[in-house]
Structure formats: structure tokens, C-alpha cells
Amino acid sequence: MGSRRIEFVIAENPPKRLDKAVSRDVPEEAALSRTRLARLIEEGALTVDGAVVQDAKAKAEAGAQIVITVEEAEDSHIGPEDIPLEIVFEDDDLIVINKPAGMVVHPAPGSPSGTLVNALLHHFGGSLSGVGGVKRPGIVHRIDKETSGLLVVAKSDAAHQGLAVQFEKHSVERYYQAVCYGVPDGNDPRLRGVKGASFEPGNILKLTTQLARHKTDRQRQAVLFQGGRHAVTRARICEGFGNPACAALIECWLETGRTHQIRVHMAHAGHGLVGDPTYGGRRKLAAKALNEAAQAAVQSFPRQALHAAVLGFDHPVTGEPIRFEAPLPQDMADLLAALRQ
């Protein structure tokens, strides 16, 4: 296996720790993330003035000569599979996919194959430069198996690092379309009494809570107000359905990106998503609110009615702002058509 050498000198006034100094001064074109650098130090791939140093906390000195030996990316243990993909955009650094409902993003014990990563490895063939020393796509965010829509995946270390920073800073634009039970209106006194719920100008619902894995059901997330991870979701009504209104098309956007965030937040607000088997349930709608066809469409919808419709970010290598939109998939379009009858 081949390798490349990266050589540079620690600049003036370095951070005290070696790993932080190296992270600050490593050439940008080396495209090595902080996580990758830490791993390389631990593996003995870094020398300081000719001596191998494996202690990330070692003292950094200005003027020290650093050499990092980076092995070529290894093949991934995940197998490529010839699965069709809807590619919205692709260049040397990243790819944007419109993922169909029913596809898992990354292999896991319950889904070892048929995933987006399997499909991407086949699509890339031998052209993938690799992420983290392995020829694999860089997954920086995920959407649930039964959620459709836009997903960006890194093809290189530089793209992976740049995208990860933007997701960490919550600067990525992400808008979702969803169909929920009821209408989350600011005039509803019940909703105004929900802990963590508030309204912003324009009748925008804001949900602010902590989220953590459920204590007894490990497949679920739970709303907390102490502990867990901070989570903020906003939602606005696009269209109401029924007389009286018993369902709505809403647009949601994320300030944070936690597992199941929109689904668990909307359920907490009393407006679970249609078809969501985990949080939404199968609600009995008022008999006269919708006609029989619309009632049947709601009751039989097979997945959470949630679609990642908009994805915008700065290109992690060129810095150019880019934005993508994906139309509603056919099943959600059919659901809306039935509700509008």
C-alpha cells in the first residue's frame, strides 16, 4: 500500500497540546480532520523533529518540524450493491441524493445490506478517494429509513471535514414537509399550554426541549427538560384539511438535528405525523371532517408523512453557497390529493 508524506513546521505561539497545534498548522490541502489527525498520532504516524510522538497531549514547540505519513485509503468492508439512486448533484467532493422512503442510510445489524452506502460504493466504483483512511462515503447526517428526501454525502476528507463543521454549527439549511394530525395553530389554547412550545411572529410554532433515548424503549426518543441534548424545531402551517380541520401540511425546519427530532417534537405538541408508527399512532378522525376516500388515505398511509424537501449549505471545498429542492414523492402527493377532495 502506498502512502504520502505531509511536512510542515509548527508556527509561532502554538497551542500547548501537540494535537491542537498540529490541527491548527497542518496544510489545508492535506484535508485531515481533527479526528483523523488524532488517530494518526495514536497510530505513530507523526514525527516531531524526526522522533515518533504518540502522545496527543505532548507539549508543542514553535519551529518543530512535523512529518505525517498517511497511508492510502483502504477498501471498505461494506460491499457495493447495484441499487438505483436519484442523484441531484455530484462533483469530486460530494454527492446529493434524493433518498426514497424505505432505504436505510448506513448498514447496521438489522439492515446489513440494501442501504444508501452500499448503493454509493457501487456508484463510485474505484473513484472514491476515501474518508478517514477508508474508501467509504462520508455520512455527515442521516434521515430515517421511512423518511424521503435530500441527503449530502462527502466523497473526500476535505468535504467530510467541511460539511461536519457546518452541521455542528447548525448553519445548514434544512426544510421538511410533513402531514400531521390536527392543525398547530397559535390560537389553540391547548397548544400554548404545552411545555416547550411557543409561537413566533407569522404563527410559527417553536418547540424547544431536550431529547434523549427513551428509558424503556431503545427505538424511541423522549422529550426531557433536564439532561439529554438540546433540540429546537420550528413549524408553520401550509394548508389545513377537513371541516372541521383535522390534518395539516406543515413545513418544519431544524435549528438542531437530533434523531427523530421532528417526529418526536410534533408528537409532544399533540400533532403527531400521519403514518408514524412510533410517535404518530393511528388516530380516529371525525366522521364528517373528511370524505371516505380521504379518511382511507390517512388511515392506510404506510410510513411517517415526512419529506426532506430543501437542503442548503456552503460547498465545503469551493465555499460557494448551494441549495437543492426535491419535490414531494408520489405517495405524499397522492395523500395530499385525497385530503384536498
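Provided above is the structure to which this section pertains.
Summarised in this report is the structure supplied together with it.

Once that is clear, we can look at the overall build of the protein chain. Along the backbone of the protein chain there are eight helices and 18 strands. Summarising its shape, the C-alpha atoms of the protein chain cover approximately 80 × 45 × 40 Å along the three principal directions. Within the protein chain, the proportion of its 341 residues that are buried is 48%. Accessible area of the protein chain: about 16700 Å², with a carbon and sulfur share of 48%. The averaged location of the 41 negative side-chain charges in the protein chain is 10 Å from the averaged location of its 39 positive side-chain charges.

Attention now goes to the nonpolar core. In terms of nonpolar packing, the biggest core is built from 34 residues, with Leu-116, Tyr-176, Leu-205, Ile-262 and Met-266 touching the most fellow members. The greatest single-element share of this core, amounting to five residues, is contributed by helix 3 (residues 116-124). With sequence-adjacent residues up to four places away left out, Met-266 is seen in contact with Pro-184, Leu-205, Leu-207, Ala-235, Ile-250, His-271, Gly-272 and Leu-273.

Taken across its 10 residues, strand 13 (residues 204-213) has seven buried, putting it largely inside the fold. Once strand 12 (residues 197-200) ends, the chain turns through three residues before running back antiparallel as strand 13, passing Gly-202 with a positive phi of about 90 degrees. The pairing of strand 13 with strand 15 (residues 229-241) spans seven bridges and is classified as antiparallel. Paired with Thr-209 across the two strands is Ala-231, which belongs to strand 15. Here strand 13 runs beside strand 14 (residues 221-224); their pairing, made up of four bridges, is antiparallel. Within the sheet, the bridge partner assigned to Ala-212 lies in strand 14 and is Ala-222.

Take the side chain of Gln-166 next. Within the secondary structure, Gln-166 sits in helix 4 (residues 157-168). Assessed through its relative accessible area of 11%, Gln-166 is described here as buried. Look past the residues within four positions of Gln-166 in its chain and what remains in contact with it is Ser-171, Val-172, Phe-313, Asp-314 and Pro-316.

A word on unusual backbone geometry. Excluding glycine, residues mostly carry a negative phi; peptide bonds, for their part, are mostly trans. The omega torsion across Asn-243 and Pro-244 is 5 degrees, close enough to zero to call that bond cis. Despite not being glycine, Asp-49 has its phi angle at roughly 55 degrees, a positive value. Along the polypeptide, Asp-49 turns up in the loop between strand 2 (46-48) and strand 3 (51-52).

So, on to the sheet that holds strand 3. The strands that make up a sheet are held in pairs by hydrogen bonds between backbone atoms, and each pair lies either parallel or antiparallel. Judged by pairing direction, the sheet is antiparallel, and its four strands sit side by side in the order 1-4-2-3 without closing on themselves. Single-partner strands in this sheet number two, and they are strand 1 (3-9) and strand 3. Inspection of the sheet shows strand 2 paired to strand 3 by two bridges, in the antiparallel sense. The residue of strand 3 that forms the bridge with Val-48 is Ala-51. Strands in contact with helix 2 (residues 34-42) are strand 2 and strand 4 (65-71); relative to strand 4, the strand with the most contacts, it is inclined by about 95 degrees.

The subject of this paragraph is the packing of aromatic side chains. Counting across every chain of the model gives three aromatic pairs. Geometrically, the ring pair formed by Tyr-175 and Trp-253 is tilted, given 5.4 Å between the ring centres and 35 degrees between the ring planes. Pair noted here: Tyr-175 is in strand 11 (residues 173-181) and Trp-253 is in strand 16 (residues 247-254), with a separation of 78 residues, a long-range link. Note on Tyr-175: relative accessible area 23%, which makes it partly exposed. The class for Trp-253 is buried, based on a relative accessible area of 17%.

Cut-offs used in this document
Residues numbered from 1 in each chain as written. Predicted model: local features only at pLDDT ≥ 70, side-chain atom pairs only at ≥ 80, totals over all residues. Heavy atoms only, no water. Helix = DSSP H or I, 4+ residues; strand = E, 2+ residues; numbered from the N terminus. Buried < 20%, exposed > 50% of the residue type's maximum accessible area, 1.4 Å probe, protein only. Areas by Shrake-Rupley, 256 points an atom, 1.4 Å probe, with all protein chains shown as cover. Lys, Arg positive; Asp, Glu negative; His and termini not counted. Charge placed at Lys NZ, Arg CZ, Asp CG, Glu CD. Core = buried A, V, L, I, M, F, W, Y, C linked by side-chain atoms within 4.5 Å. Contact = heavy atoms within 4.5 Å. Pairing = 2+ DSSP bridges. Axes fitted to C-alpha atoms, helices over the stretch in contact; angles between N-to-C directions. Phe/Tyr/Trp six-rings, centres within 6.5 Å; stacked < 30°, edge-to-face > 60°.

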